[in-house]
Amino acid sequence: MEFNGTRVLVTGGTRGIGRAIVEAFAAQGARVAFTYRSSGNAAANLSKELDVLGFQADAADFDAAAEIVGKIVTEWGGLDVLINNAGITRDNLLLRAKEADWDAVINANLKSVFNYSKAVCRAMIRQRQGRIINISSVVGLGGNAGQANYAASKAGIIGFTKSLAKELASRGITANVVAPGYVQTDMTSHLTESVQEALLNSIPLRRTAVPKEIALPVLFLASPAAAYITGQVLTVDGGLSM
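Now for a quick tour of the structure. (Residues numbered from 1 in each chain as written. Predicted model: local features only at pLDDT ≥ 70, side-chain atom pairs only at ≥ 80, totals over all residues. Heavy atoms only, no water.)

## Comments concerning the overall build of the chain
A tally of regular secondary structure across the chain gives eight helices and seven strands. Taken over the C-alpha trace, the chain has a radius of gyration of 17 Å; the compact-globule value for 242 residues is 18 Å, and the two agree within 12%. If one aligns the C-alpha atoms of the chain with their principal axes, the spans along those axes are about 50 × 35 × 35 Å. Counting across all 242 residues of the chain, residues that qualify as buried make up 47%. Averaging the positions of the 23 positive and the 20 negative side-chain charges in the chain gives two centres separated by 6 Å. (Helix = DSSP H or I, 4+ residues; strand = E, 2+ residues; numbered from the N terminus. Rg over C-alpha atoms; globule rule 2.2 N^0.38 Å. Buried < 20%, exposed > 50% of the residue type's maximum accessible area, 1.4 Å probe, protein only. Lys, Arg positive; Asp, Glu negative; His and termini not counted. Charge placed at Lys NZ, Arg CZ, Asp CG, Glu CD.)

Structure below.
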């Protein structure tokens with residue numbers, strides 16, 4: 001898959017899955033921009049290493065999303081691919097959950113998808129082509145104890161994407177979801193050894209994914225090979241959700 005000159009924006013692009021997606025597109029010749037919230041040093045290093053553009057912003061900020069997309073469209077003359085990847089966790093059982101944690105997760109994980117999808121729509125409609133790829137999770141498909149907020153946000157992404165796919169299909173724009181299982185990232189590094197062992201036993205492939213294994217399916221959905229795929233959920237989880 002080659003993306004020479006393809007204009008790509010990735011939210012939450014400095015670490016984990018987001019960084020792997022930025023690296024994968026850049027390696028295939030795409031022009032890549034990414035957003036980040038607080039990882040300033042990582043963003044600077046990534047920009048320098050790969051010659052990509054970094055924008056500091058809270059993904060939940062509606063006005064910032066519009067401003068960033070506007071700058072990219074002005075600079076590059078358009079935008080071909082949007083990957084909504086930004087996300088956080090604030091895990092707790094519902095009985096102990098705080099309203100602030102619910103709001104933070106919904107805003108970072110779900111509202112951000114609305115913010116950036118809305119911001120790119122006009123440019124993609126003008127072009128009569130575009131790809132929107134949203135990163136959900138297997139937790140959004142099956143739920144998980146202690147993650148009601150996270151599950152709700154990731155399930156919401158799926159419903160949002162299917163609706164968006166129906167709205168934009170006639171304009172040559174596709175919208176799809178990648179739903180990873182457990183991936184070796186900062187988000188999963190805090191799990192105890194016993195939890196990790198139980199987790200591995202529940203995955204038919206008996207291992208977690210590395211971020212690149214999520215990035216490559218994203219590249220596929222952004223490529224011409226996936227031009228007739230829209231409104232779908234591609235689960236990448238080692239068989240966990242079977």
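## Some remarks on the pairing of strand β1 (residues 7-10)
Here β1 shows a buried face lined by R7 and L9 and a second buried face lined by V8 and V10. Note that β1 and strand β2 (residues 31-36) share four bridges and pair parallel. Pairing of V8 across the sheet is with V32, part of β2. You can see the chain leave β1, run along helix α1 (residues 16-27) and come back into β2, and the turn it takes is right-handed. (Pairing = 2+ DSSP bridges. Right-handed = clockwise from strand over helix to strand, strands pointing away.)

## A few points about the sheet that holds strand β3 (residues 53-56)
The strand order β3-β2-β1-β4-β5-β6-β7 describes an open sheet built from seven strands, whose pairing is parallel. Since the sheet does not close on itself, it has two edges, and those belong to β3 and β7 (233-236), each with one partner. Looking at each pair of strands side by side, their axes are set apart by 15° on average, direction ignored. Examined bridge by bridge, strand β6 (residues 173-180) and β7 share four bridges and lie parallel to one another. Bridging from a neighbouring strand, V178 pairs with L234 of β7. Contacting β2 and β3, helix α2 (residues 40-50) runs over the sheet at an angle of about 175° to β2. (Axes fitted to C-alpha atoms, helices over the stretch in contact; angles between N-to-C directions. Contact = heavy atoms within 4.5 Å.)

## Looking at the pattern of salt bridges
Per the stated rule, a full pass over the model turns up five salt bridges. The salt bridge involving E213 is made with R207; its shortest N-O contact spans 2.7 Å. The class for R207 is partly exposed, based on a relative accessible area of 41%. Ionic contacts of the salt-bridge type, sharing partners, join the residues R19, E23 and E49 into one network. (Salt bridge = Lys/Arg side-chain N within 4 Å of Asp/Glu carboxyl O.)

## With respect to the packing of aromatic side chains
Ring pairs (aromatic) are described by centroid distance and by the angle formed between their planes. Scanning the entire structure with this criterion turns up three aromatic pairs. Taking 6.1 Å as the distance between ring centres and 40° as the angle between the ring planes, the aromatic pair formed by F34 and Y36 counts as tilted. The two residues F34 and Y36 agree in class, both being buried. Relative to F114, the ring of F62 has its centre 5.9 Å away and its plane inclined at 20°; by these criteria the two rings are stacked. With F62 in helix α3 (residues 62-76) and F114 in helix α4 (residues 99-127), this residue pair connects regions lying 52 residues apart in the sequence. What makes F62 partly exposed here is its relative accessible area of 33%. For F114, a relative accessible area of 37% gives the class partly exposed. (Phe/Tyr/Trp six-rings, centres within 6.5 Å; stacked < 30°, edge-to-face > 60°.)

## Structural notes on the side chain of S117
Locating S117 in the fold gives a position in helix α4. Excluding residues that lie within four positions of it along the chain, S117 makes contacts with L82, N84, I132, N134, F160 and L164.

## Notes on the environment of D80
Here D80 lies in the loop between α3 and β4 (81-84). Looking at D80, the relative accessible area reads 10%, which means it is buried. Setting aside anything within four residues of it in sequence, one finds D80 in contact with G5, T6, R7, M124, Q127, Q129, G130 and R131. Reaching out from D80, the side chain makes a polar contact with the side chain of Q129 at a distance of 2.7 Å. (Polar contact = N/O pair within 3.5 Å; in protein donor to acceptor, adjacent residues only side chain to side chain.)

## Side note on the environment of G238
One can find G238 in the segment after β7. Overall, G238 belongs to the partly exposed group, its relative accessible area being 26%. With 160 residues separating them along the chain, G238 and G78 place their C-alpha atoms 36 Å apart. Apart from residues lying up to four places away in sequence, G238 is in contact with I203, P204 and L205.

## Concerning α3
In a regular helix each residue adds 1.5 Å, so 15 residues correspond to 21 Å; α3 covers 21 Å between its end C-alpha atoms and thus fits that length. Listed as buried for α3 are A64, A65, I68, V69, I72, V73 and W76. When α3 is viewed along its axis, its buried side chains cluster within an angular range of 160° and face the same direction. Among the exposed residues of α3, those oriented more than 90 degrees off its buried face are D63 and T74. For α3, the secondary structure elements touched by its buried residues are β1, β2, β3 and α4. Of the residues one or two after α3, G77 is the one with positive phi, at around 80°. (Expected span 1.5 Å × (residues − 1). Arc of directions from axis to C-beta.)

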